[in-house]
Amino acid sequence: RQIIVPSYIEDVASQRPEWRKVVRAETPTPNLGSPSMFAKCLLNKSLTYAVFSRLAEDFNGDLFIDLPSENVAVRPGHLSLIAEFLSGTASAAQEPLFLWAYDFSVVPTSLISTMYEIFYQEDVGGQDGGGKVTGTHYTPAELVEYVLTHTLTEDILADSPRICDPACGSGLFLVEAYQLLVRHEMARTGKPLSPKRLQKLLLEQIAGIDINEEAVRLAAFSLYLAYLNYQSPQDVRTTGPLPELIWRKGQEMPRPLVVSDAFAPNRSEQDHRIDSADAVLPWPEHSFDVVIGNPPWTEPPRTTSGSNLPDAWAPQRQLPVRDR
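These numbers were taken from a predicted model, which means no experiment stands behind them. (Residues numbered from 1 in each chain as written. Predicted model: local features only at pLDDT ≥ 70, side-chain atom pairs only at ≥ 80, totals over all residues. Heavy atoms only, no water.)

Chemist: Would you mind showing me how to read the overall build of the protein here?
Modeler: The secondary structure content of the protein amounts to 14 helices and five strands. Going through the 324 residues of the protein one by one, you find that 36% of them count as buried. The long-range share in the protein, meaning contacts at least 24 apart out of those at least 6 apart in sequence, stands at 68%. For the protein, the accessible surface area stands at approximately 19100 Å², while carbon and sulfur atoms represent 55% of it. (Helix = DSSP H or I, 4+ residues; strand = E, 2+ residues; numbered from the N terminus. Buried < 20%, exposed > 50% of the residue type's maximum accessible area, 1.4 Å probe, protein only. Contact = heavy atoms within 4.5 Å. Areas by Shrake-Rupley, 256 points an atom, 1.4 Å probe, with all protein chains shown as cover.)

Chemist: Explain the side chain of N44 to me, please; I cannot follow it from the model alone.
Modeler: Looking at where N44 falls in the secondary structure, it is placed in the loop between α3 (37-41) and α4 (45-59). Judged by relative accessible area, which is 16%, N44 ranks as buried. If we ignore the near neighbours within four places in the chain, the residues touching N44 are W19 and V22.

Chemist: What is the right way to look at the packing of helix α8 (residues 141-151) against helix α10 (residues 172-189) in this model?
Modeler: For any two helices packed against each other, one specifies the crossing angle of their axes together with the interaxial distance. The interhelical angle for the contact between α8 and α10, taken along N-to-C directions, is 45°, at an axis separation of 10 Å. Looking at the two axes, α8 sits oblique to α10. Viewed along their axes, α8 and α10 form a crossing whose handedness is right-handed. Packed against α8, whose contacting residues are V144, E145, V147 and L148, the element α10 presents L172, F173, E176, A177 and L180 at the interface. Residue composition of the contact of α8 with α10, grouped by class: seven nonpolar, no polar and two charged. (Axes fitted to C-alpha atoms, helices over the stretch in contact; angles between N-to-C directions. Parallel < 35°, antiparallel > 145°, perpendicular 65-115°, else oblique. Left-handed = near helix turned anticlockwise from the far one by under 90°. Nonpolar A, V, L, I, M, F, W, Y, C, P; charged D, E, K, R; others polar.)

Chemist: Honestly, the packing of helix α1 (residues 6-13) against helix α2 (residues 17-24) in this entry has me stumped. Any pointers?
Modeler: α2 packs onto α1 with a crossing angle of 150° between their chain directions and a minimal axis gap of 8 Å. With respect to α2, the axis of α1 lies roughly antiparallel. On α2, the residues touching I9, V12 and A13 of α1 are W19, R20 and V23. For the contact of α1 with α2, the class distribution of residues is five nonpolar, no polar and one charged.

Chemist: Sorry, what's going on with unusual backbone geometry here?
Modeler: Peptide bonds are mostly trans, and most non-glycine residues show a negative phi. Its identity as a non-glycine residue notwithstanding, S160 has a phi of 50°, on the positive side. Of note, S160 is situated in the loop between α9 (154-158) and β1 (163-165). The class for S160 is partly exposed, based on a relative accessible area of 41%. Despite not being glycine, Q318 has its phi angle at roughly 55°, a positive value.

Chemist: Sorry, what's going on with α10 here?
Modeler: The α-helix advances 3.6 residues per turn, and as a result positions three or four apart in sequence lie on the same side. Its 18 residues place the ends of α10 26 Å apart at the C-alpha level, agreeing with the 26 Å of an ideal helix rising 1.5 Å per residue. For α10, the tally of buried residues reaches 13 of 18 residues, placing the bulk of the element in the interior. (Expected span 1.5 Å × (residues − 1).)

Chemist: Can you walk me through the state of the cysteines in this structure?
Modeler: Each disulfide is one covalent bond, formed between the sulfur atoms of two cysteines. As enumerated under the stated definition, the model contains zero disulfides in all. No disulfide involves C164; its sulfur sits 8.3 Å from that of C168, the nearest cysteine. (Disulfide = S-S within 2.5 Å.)

Now the structure itself:
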């Protein structure tokens, strides 16, 4: 997207002579696309992690997580394999894959969700550890668009609604809802929104919950892409780090995304901080105007005590549930 350009990496490499040598070295030109400055970085582990550290400082949000254990576990051979993969020379047993021949300036959210579904189903076989179906299913983009078009009408959008998906998965409903909010605001004002206003809509009117941490991280990534779509590269470079989207216990202020059971208790209006290790949601009850999504169509598992969060949630609110 012309946000991270070769000069950005060259600036990081200028700190050490051996790094400058790496980025200045001649590399064979791929059959398709142009040589990648990032692929060069991968040939030197310390330079790679210096770039990662700079990315985290400039753009972080919840994308670039600093894990010391990863730095220890990753070897130069791992990075070389990735460099060969990116340049299409990783294996003589298959046709070269030239990722640089693709245009990644536009990444459909539905593509991210489809990849997540494929890998998740392969990883767990669509089942939990006990062999039960997990209820993780991909929601077609057409269904998302249909539901939101009939839910987030102009009248609803005019009231600045807070929108929650209690089983958000990789974020399809949330991204489409955010785009509707932005388009409505742009139509109302008659001009593009500032990064500050785009961020305010994202942080204050969008919320998602999911029990799967990987899904929530993908939802954050998808929302970042939607947020960046409305900004120029210059905006992105000068606005500062991405907003944090994933809430973690102990944080005083709520964030749009939470790894939790949607039936977990809410924070009361009087609480200012949550330190409990138990499942909890950071918002007070009745925080949302619109609830949307595609929940898992499975029976919740029974615990050894015979009840769990959903079983307790409904009776407390005098809501009937037939046969669980």
